[in-house]
Amino acid sequence: MISKEKTAELEAIAIKLRKHVVEMTCAAASGHPGGSLSAADIITVLYFHQLRKDPKDPHWAERDRFVMSKGHAAPILYAALAEAGYFPVDYLKTLRRIGSSLQGHVDMLSLPGVEMSTGSLGQGLSAANGMALAYHLDKKAGRIYCLLGDGECQEGQVWEAAMTAAHYKLDNLTAIVDHNKFQIDGPVEKIKSLTPFADKWRAFGWHVLLCDGHKIEAIADALEKAEKTKGRPTMIIADTVKGKGVSFMEASPLDFHGKAPTEEEKDKALEELCRREKK
Amino acid sequence: MVATRDAYGLALAEIGKENPNVVVLDADLKVSTKTSGFAQAFPERFFDMGVAEQDMISTAAGLAAAGKIVFASTFAVFGSGRAWDQVRVSVAYTRLNVKIAVTHAGITTGEDGASHQANEDIAIMRALPNMTVIVPSDSVETDKVIREAVKFYGPMYIRLSRPKTPVIHDNPNYEFKIGKGEVMRAGSDATIFACGLMVSLALDAAELLAKEGVKARVVNLHTIKPLDTELIVNCAKETGAVVTAEEHSILGGLGGAVAEVLVENAPVPLARVGIKDTFGESGTPDELLAKYGLTPEEIVHAVRAVIKRKK
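Summarised in this report is the structure supplied together with it. Everything numeric in this text was worked out from a predicted model, so none of it was measured. (Residues numbered from 1 in each chain as written. Chains lettered and ligands numbered in written order. Predicted model: local features only at pLDDT ≥ 70, side-chain atom pairs only at ≥ 80, totals over all residues.)

### Details of the overall build of chain A
Next up, step 1: Helix and strand counts for chain A come out as 11 helices and seven strands.
Next up, step 2: Over its C-alpha atoms chain A spans a radius of gyration of 17 Å, differing by no more than 12% from the 19 Å that the globule rule assigns to 279 residues.
Next up, step 3: By its C-alpha atoms, chain A is 50 × 45 × 40 Å across when sized along the principal axes.
Next up, step 4: Expressed as a percentage of its 279 residues, the buried residues of chain A come to 53%.
Next up, step 5: Across chain A, contacts joining residues at least 24 apart in sequence account for 76% of those joining residues at least 6 apart. (Helix = DSSP H or I, 4+ residues; strand = E, 2+ residues; numbered from the N terminus. Rg over C-alpha atoms; globule rule 2.2 N^0.38 Å. Buried ≥ 20, exposed ≤ 12 C-beta atoms within 10 Å, placed from the backbone. Contact = placed C-beta atoms within 7 Å.)

### Points about the pairing of strand 3 (residues 69-75) of chain B
Residues and elements named next belong to chain B.
Next up, step 1: Among the seven residues that make up strand 3, seven are buried, leaving the element largely enclosed by the rest of the structure.
Next up, step 2: As paired elements, strand 1 (residues 22-26) and strand 3 share five bridges and run parallel to each other. Pairing of Val24 across the sheet is with Phe71, part of strand 3.
Next up, step 3: Across six bridges, strand 3 lies against strand 4 (residues 98-103) in parallel orientation. (Pairing = 2+ DSSP bridges.)

### Some thoughts on the nonpolar core
Next up, step 1: Formed by 186 residues in total, the largest nonpolar core has its most connected members in Ile192, Ala202, Val243, Ile299 and Val303 of chain B.
Next up, step 2: In this structure Ile299 of chain B touches Ile192, Leu201, Ala202, Ala205, Val243, Ala245 and Val273 of chain B, once residues within four positions along its chain are discounted. (Core = buried A, V, L, I, M, F, W, Y, C linked by C-beta atoms within 7 Å.)

### Looking at the sheet that holds strand 12 (residues 270-275) of chain B
All names here are of chain B.
Next up, step 1: In space, the five strands of this open sheet follow the order 7-9-8-11-12, with mixed pairing throughout. Two strands in the sheet have a free side with no partner beyond their single neighbour: strand 7 (182-185) and strand 12. In this sheet, adjacent strand axes meet at a mean angle of 25° when their direction is disregarded.
Next up, step 2: Packed onto the sheet, helix 10 (residues 229-239) meets strand 8 (190-194), strand 9 (216-220) and strand 11 (242-249) and runs at close to 150° relative to strand 8.
Next up, step 3: Where helix 11 (residues 254-265) meets the sheet, it contacts strand 8, strand 11 and strand 12, and its direction lies at approximately 145° from that of strand 11. (Axes fitted to C-alpha atoms, helices over the stretch in contact; angles between N-to-C directions.)

Below is the structure:
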């Protein structure tokens, strides 16, 4: 169980990361704020509570590894890496600028701390499986984490990887779906239904947990349960809201999938986030 | 006569003993690709990914990211085409240590027909940044290539064949170097650049040409990328005419690569022997090689033609 103090600390960090996402995407005048904000609490718990890592030694051999399979949510990962000390927070404003390590979709070669380059959806879970297989072979204690989008689960490769993880009993792997229920063209259920989503993962041999993807304690609790599960991989389906934390983005999630806030929208969003911060 | 896929399987099983960090993945074809020897000897380091080539390639990337030297094998059509985006993003973009060692390349896959004959794989693999592309000419060279691949850090596409082919390297001390072509026969009238099983046919062609007094130089260009530009330019300048021979489409493969170098550096008459922008069909390897113009005679015609075009 996570303490009240730690929960409050993480909630404050999550707001800080959300502010970075709004500022970075506005400065870049492009990027994906909606799916970054929906993942903010998950990423916060991972990077400031769960992952065993050393930002001063990003290649530490025994570390836990995180694969951002929904590579377009790069801004939220960059915000977390900066706040965790992988690089200066000030560098966040170079998002998507020419020459920057903060590529539009995450690139492991240009930015230490990024464990796998992604962007073409559906590949991250397979890569996470590969890392988990290697850790099993080497008898390493570290765990592998992977974050997928719900729309991403329309990719066939995700289900190939789902079979692989169950077949090889990868209990050192925790996957999380940021289930924000929207993809570029509309609601996921309307574009191509995933229902019954949890049952699909169960049928593929996974231990499935459902949690509120915006409740710090619920996320932390699910990650802890996953860690204790033996003999099979765990999928945490995190119920989230696209654009979470910025009410006008929550109200029109399709407008903020791959579109950055304007200056005016940025100010409005920051004002709202600052109000929450003071509460 | 030994198939390059057999040499691959033997080399892999030996390397498994020497290097515990080597792991092998296959996609339900271990008996055909010859990874079965490694699988039997080192079951804990062999992963059969089932009929899921895309998953196999990205999984290979994950294993490599965690420090493993990974060989991923399937048929050439699947390792290149079916999983091209996975090769592009998970392996090439990341510059991870994954060796995509594919068998059943080209038209000599034979009876399985067009769906299984990769005649485009060199073109689509060499277009990828960070990718090294190697087409061994025989079993002796294949053994050297696999051993070099283990020492070399980075993505590599190794193209192997199904049928038994002549062993053209009789010197076991032959030194294989990635990116350095091998002059296999001297000659001053024209140069034949070949790769894979076409090197043997190019040597036969040079023998036929010698009987009519034409001295054809034969170069084994096993590495399509990075290409031995210096050797190509020197040969073009010294012999004044060039023929390429590959068991692949004449579009974008060895012929395309050599043409790019010649046009920019040493324009000389060029003819490309290969599959002429068409799909194959079922048949025995020998029947198909004959029908699709991959013969010593075809190379001879091409050499005569380029020599005629010399100024």
